[in-house]
Amino acid sequence: MASLLQGKVALVTGASRGIGRGVALGLGEAGATVYVTGRTLTGRSAQLPFLAGSLEDTARDVTDLGGVGVAAQCDHTDDAQTRAVIRRIRDEQGRLDILVNNVWGGYEGLHLWDKRGEQWNAPFWEQPTAIWDDMFTAGIRAHYVTSQLAAPLLLDTRGLVVGISFFAAMRHRNTEGIPYFLAKNATDRMALAMANHLRPHGVTSVSLYPGLVRTEGVLLAPEGTFDLSNSESPQFIGRAVSALAGDPDVFSRTGQVLVAAELGAEYGFTDIDGKRPTSLRADWEGEPPQARP
């Protein structure tokens, strides 16, 4: 696997920790050069200091796994910073083969596991509007702008764009926030719409669903909050992206919504513990529960 993506250049946004870090590691173990972006260059996040992880940590571990990790500090709510990262990749590498739009906002309340976390799943009239703003600015808009700026490089390589989404886009449950449901829908629809624009150029655009991922925030949750028996390491999502990027027929999937666990079964890769998680699709399909009276 170490040579699967040798010579390929990737950009993973929001990769200081969590799924973004795992995606970078999965690409690194396949031999890619991986630029990782985020706000925390070194040390700990100023916003969430209890969560370990920085860009320098991620870049070092990518290199240790056989790739080349490059830390590129960037706040993706600032278009000028995003533009500078793309310019840097163009100047240093002259190419971009893989873009993974992972950067996100609005999860701070969940990580804190306090009143803000309770508000995250409150009825929409009790939720802070900031949750919407964070998800659609630090998430959806950031994905769109990064894709816009990276597109010329991806056209040259007939590259791959992956948007990290989730099953919450499939249907709304009455205990989940409206911003989250709509933002994940937007991620999926953006992947489809970009696929339509990119199709004549041979560039693939997909949306990818992880399952329950053992991120730093999830592992800090109070005992019993999550059943981790069918969970995934962040790196498992990276292996899914690497399998797609290394598939010569990946363009046949453009515009689709894909599931990491289902790709594991199809391509034959496992998680870092040797297990193969099963898809959560069955848990989310079917009729949603009735709305509150």
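Residue numbers here run from 1 along each chain, matching the order of that chain's written sequence. This being a predicted model, a pLDDT of at least 70 is required before a residue's local features are given, and a value of 80 or more before pairs of side-chain atoms are given or counted; all residues contribute to the totals for chains, interfaces and linings. No hydrogens and no water enter the side-chain calculation; it runs on all heavy atoms of the structure.

- The chain has the name SDR family NAD(P)-dependent oxidoreductase in an unreviewed UniProt entry, where Deinococcus hohokamensis is given as its organism.

### Regarding the packing of helix H9 (residues 234-245) against helix H10 (residues 260-267)
Step number 1: In this analysis an axis means a line fitted to C-alpha atoms, helices contributing only their contacting stretch, and an angle means the value between N-to-C directions, from 0 to 180 degrees. In this description a helix means any DSSP run of H or I spanning at least four residues, a strand means any run of E spanning at least two, and both kinds are numbered starting from the N terminus. It is the contact of H9 with H10, at a shortest axis distance of 9 Å, that shows an interaxial angle of 55°. With respect to their mutual orientation, H9 and H10 come out oblique. Between H9 and H10 the crossing geometry is left-handed. On H10, the residues that touch Phe 236, Ile 237, Ala 240, Ala 243 and Leu 244 of H9 are Ala 260, Ala 261, Leu 263, Gly 264 and Tyr 267.
Step number 2: Within the contact of H9 with H10, the residues separate by chemical class into 9 nonpolar, 1 polar and no charged. Any angle that is under 35 degrees is reported as roughly parallel, and any over 145 degrees as roughly antiparallel; angles of 65 to 115 degrees are reported as roughly perpendicular and all others as oblique. For any helix crossing, the convention is left-handed if the near helix is rotated counterclockwise from the far helix by under a right angle, and right-handed if that rotation is clockwise. Whether two residues are in contact is decided by their heavy atoms, any of which lying within 4.5 Å being enough. Residues are grouped as follows: Ala, Val, Leu, Ile, Met, Phe, Trp, Tyr, Cys and Pro are nonpolar; Asp, Glu, Lys and Arg are charged; all remaining types, including Gly, are polar.

### Quick word on the pairing of strand E4 (residues 98-101)
Step number 1: Judged by which residues are buried, E4 turns out to be covered on both faces: Ile 98 and Val 100 on one side and Leu 99 and Asn 101 on the other are all buried.
Step number 2: Summarising the sheet, strand E1 (residues 9-12) and E4 pair through 3 bridges and their orientation is parallel. Residue pairing in the sheet places Val 12 in a bridge with Val 100 of E4. Buried residues are those whose accessible area, probed at 1.4 Å on protein chains only, stays under 20% of the maximum for their type, while exposed residues exceed 50% and partly exposed ones sit between those limits. Whether two strands pair depends on DSSP finding at least two bridges between them.

### A word on helix H2 (residues 55-64)
Step number 1: Those residues of H2 that sit buried are Leu 55, Thr 58, Ala 59, Asp 61 and Val 62. Summarising the axial view, the buried residues of H2 lie within an arc of 165°, below the 170-degree limit, and thus occupy one face.
Step number 2: Looking at the buried residues of H2, the elements they touch are helix H1 (18-29), strand E2 (33-38) and strand E3 (68-73).
Step number 3: Gly 66 sits one or two residues past H2 and shows a positive phi near 115°. Working definition: the arc comes from the directions between the helix axis and the C-beta atoms, pointing outward to the latter.

### Things to note about unusual backbone geometry
Step number 1: Of note in this structure, Arg 158 is not a glycine but carries a positive phi near 50°.
Step number 2: For Arg 158, the location among the structural elements is in the loop between helix H6 (129-157) and strand E5 (160-164).
Step number 3: What makes Arg 158 exposed here is its relative accessible area of 57%.

### Re the sheet that holds E5
Step number 1: Overall, parallel pairing links the 7 strands, which are arranged E3-E2-E1-E4-E5-E6-E7 in an open sheet. Since the sheet does not close on itself, it has two edges, and those belong to E3 and strand E7 (257-259), each with one partner. In this sheet, neighbouring strand axes are inclined to one another by 20° on average, regardless of whether the strands run parallel or antiparallel.
Step number 2: Looking at chain direction, E5 and strand E6 (residues 204-209) are connected through 5 bridges and run parallel. When the bridges of E6 are listed, Ile 164 appears paired with Leu 208.
Step number 3: Contacts from helix H3 (residues 79-93) reach E1, E2 and E3, with the element oriented near 160° to E2.

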